[in-house]
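Geometric and topological summary
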Amino acid sequence: MSETEAENTETASDFIRDVVREDLAAGRHDGIVTRFPPEPNGYLHIGHAKSICLNFGVAADFEGRCHLRFDDTNPVKEELEYIESIQEDVRWLGFDWGENLYYASDNFEQLYEWAVHLIGAGKAYVDHLSAEEMREYRGTLTEPGTPSPHRERSVEENLDLFQRMRAGEFADGTCVLRAKIDMASGNINLRDPVLYRILNAHHPRTGDAWHIYPNYDFAHGQSDAIEGVTHSLCTLEFADHRPLYDWLIENLPVNARPRQYEFARLNLTYTVLSKRRLMQLVQDGHVKGWDDPRMPTLSGLRRRGVPAAAVRDFAGLIGVTKSDSTVDMALFDHCTRDLLNASAPRRMGVLRPLKVVIENYPEGETEMIEAANHPQNPDMGSRQVPFSRELYVERDDFMEDAPRKFFRLTPGREVRLRYAYFVTCQEAIKDASGEVVELRCTYDPETKGGNSPDGRKVKATLHWVSAEHGVPAEVRLYDHLFMREDPGADGDFLDDLNPDSLTVEASYVEPALADAEVGTPVQFERQGYFCADPDSKPGAPVFNRTVALRDSWAKQKKK
RNA sequence: UGGGGAUUGGUGAAAUGGUAUCACGCUUGACUCUGAAUCAAGUAUUGGAGGUUCGAAUCCUCCAUCCCCAGCCA
């Protein structure tokens, strides 16, 4: 299945690849160059992964190259920590930018020269309108704007002013450099957009060398041109910027002619994918950090145990279009399960333990039971699991008054303990409050290994852990971060936070898991996929549930 | 009568005038030492109305709905 998906991904076709194919056929380019251009002001999330897979994927499909470029034009919001995490995450996702690591800030000097060029051509001017005034002069969506009183300043005066802006003579906000385009344009981005603003701030890379910084519009397209990017792929909200992107490219002596194409950003059910909201979740402590396993960040997914290949498969399956859409989280979970099902070794872990005593099993005896690491893949071998008189099974695997469809333990019923024996429940012991605290069972020694010589069948097979040999483990179960598919659709998104997004269980796992390697996926049979968390201590593992197994009994129960 | 973009099953996509295809999800059944996996079946006349055509999801006209834009953010 995942092989098929991988093939689909490789032969992916979408409107962007169609454009690239046509451009190549028409001989418009010698080679294809794309770029992933994050602003280092937050951690990458699965929405970015869509863009990363697209940009690197297109480059790979057409034997071109994809750059990693930091759009670091706003020192007020950007940090080195983000520059580092972004590189780590892109690498983890499986992509390599080789030598092609760039920063918009590397182009600051060139960008400054081009701004001077624009001024010289009478196509840019320094404006002293305040931010509020500028908003008023800009007009509204339905009414044209009014020219700034400074719009017709002489080239000389503009040159002098702009030079002094660079020199640091002015305080933040006192003036800006604007392009002189069309104050009456229906496209507000063309109503003399700001190109440079004064920011007396320390930049993570250029330090205090600059007092003015180009904004996105003046840095992005020109950086594309400088790097020789042929296809500049961005999300839909930038479509309105394309005329400005083109205007700048046309009016500047750039050496290349990149083209911008827009695609729809990813929306996912039961989560949020906006930097502002993710930042808020982290800063207000609703999650434990950017890499909290409940977060849709790449670092969160990684910590939870999601394989990078699952993210890539997902990106391939959702496609690339121009229509707004919200993808079902279930599809992402499917991609994760699909990969892990094939690769994760099987183990036994009892999440919510219920003590079982096998009354007719000799006291003090322990025997080793052979268990396959992957029933469908014998090449993965097997391990020995200790079995003894006292065990733990899952609380949910016992019901005193079982409905017809319940196949598991109930008084008088025989079930199989996986790879071990058939056992029959004789009695449920309760505490003073009436809660079942222990099961008394008997086993059939003839069924060793899990099969009955007389051919009798059981309806259920349960996982188990020997009480004496089991390793206590903290198991963290994650559920959707939000209770609704569309958090914040009617009100504050924080009100939709799922109070049960994290459940911690005191569990027992089989001895083979005592020193599980952090991040390495395993399947706890009948439960889901897990991996050890960095919080693990030697002999005291902590597990994250990556994703639960599909559970048709749970669905049945809801009816 | 501001500008831009979009509309195919519950969800995401494909079909580029020639019998609406795929994936996920859901439902049912088979199988099963994981109620998993696997296997089988079911699950839309393409936003609406006209028109062009032998033939329309694709072309034309009108209508409707949704998304984005008025940062010295990206």
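It should be emphasised that the depicted structure is a prediction, and the values quoted were computed from it without experimental measurement. The residue numbers shown here count from 1 along each chain, following its written sequence. Here every chain gets a letter starting at A, and every ligand a number starting at 1, in the order they are written. Note on the predicted model: pLDDT of at least 70 is required for a residue's local features to be given, and 80 or more for side-chain atom pairs to be given and counted; whole-chain, interface and lining totals, by contrast, use all residues. As a rule here, side-chain values cover all heavy atoms of the structure and leave hydrogens and water aside.

1. Comments concerning the state of the cysteines
A pair of sulfur atoms, both from cysteines and within 2.5 Å, is called a disulfide here. Evaluation of the coordinates by the stated rule reveals zero disulfides. This cysteine, Cys-234, is not joined by any disulfide, and Cys-66 carries the nearest cysteine sulfur, 14 Å off. Cysteine Cys-335 is unpaired, with the sulfur of Cys-53 as its nearest cysteine sulfur at 11 Å. Any residue under 20% of the maximum accessible area for its type is buried, any over 50% is exposed, and the rest in between are partly exposed; the area is computed with a 1.4 Å probe on protein chains only. Taking relative accessible area as the criterion, Cys-335 reaches 0% and is therefore assigned buried.

2. Focus on the nonpolar core
Counting residues in each nonpolar core, the largest one holds 35 residues, and the members touching the most others are Ile-46, Val-90, Leu-93 and Phe-314. For helices the rule is a DSSP run of H or I covering at least 4 residues; for strands it is a run of E covering at least 2, with both sets numbered from the N terminus onward. Every element with two or more residues in this core is listed here: α3 (46-61), β2 (65-70), α4 (80-93), α11 (298-304), α12 (308-318) and α13 (329-343). Contacts are assigned to residue pairs that have any heavy atoms within 4.5 Å of one another. Beyond its immediate chain neighbours, meaning those up to four positions away, Ile-46 contacts Leu-266, Leu-268, Leu-273, Pro-296, Leu-298, Leu-301, Val-311, Phe-314 and Phe-332. Residues enter a nonpolar core if they are buried and are Ala, Val, Leu, Ile, Met, Phe, Trp, Tyr or Cys, with the set joined through side-chain atoms within 4.5 Å.

3. Side note on empty space enclosed by the protein
Unfilled space is identified by rolling a water-sized probe across the atoms. Buriedness of a pocket was judged along seven lines, with at least five required to meet protein on both sides within 12 Å; pockets are open sets of points on a 1 Å grid over the protein atoms alone, cavities are sets where a 1.4 Å probe fits but cannot get out, and lining residues have an atom within 4 Å of a point. Grid points are joined across faces, edges and corners, and a volume is the space filled by probe spheres set on the points. Scanning the entire structure with this criterion turns up one cavity of 30 Å³ or more. With four residues, helix α8 (residues 216-227) is the largest single contributor of residues to the lining of the largest cavity. Following the grouping adopted for this structure description, the nonpolar residues are Ala, Val, Leu, Ile, Met, Phe, Trp, Tyr, Cys and Pro, the charged ones are Asp, Glu, Lys and Arg, and the polar ones are all others, Gly among them. Residues of the lining of the largest cavity, tallied by class, amount to two nonpolar, four polar and one charged.

4. Digging into the sheet that holds strand β7 (residues 212-214)
Strand pairing requires that DSSP identify at least two bridges connecting the strands. The strand order across the open sheet formed by four strands is β4-β5-β6-β7, and the pairing between neighbours is antiparallel. Two strands bound the open sheet, and with one partner strand each, they are β4 (124-127) and β7. Taking the axes of each pair of neighbouring strands and ignoring which way they run, one obtains an average angle of 20° across the sheet. As paired elements, strand β6 (residues 194-198) and β7 share three bridges and run antiparallel to each other. Angles run from 0 to 180 degrees between N-to-C directions of axes, and those axes are lines fitted to C-alpha atoms, restricted for helices to the stretch in contact.

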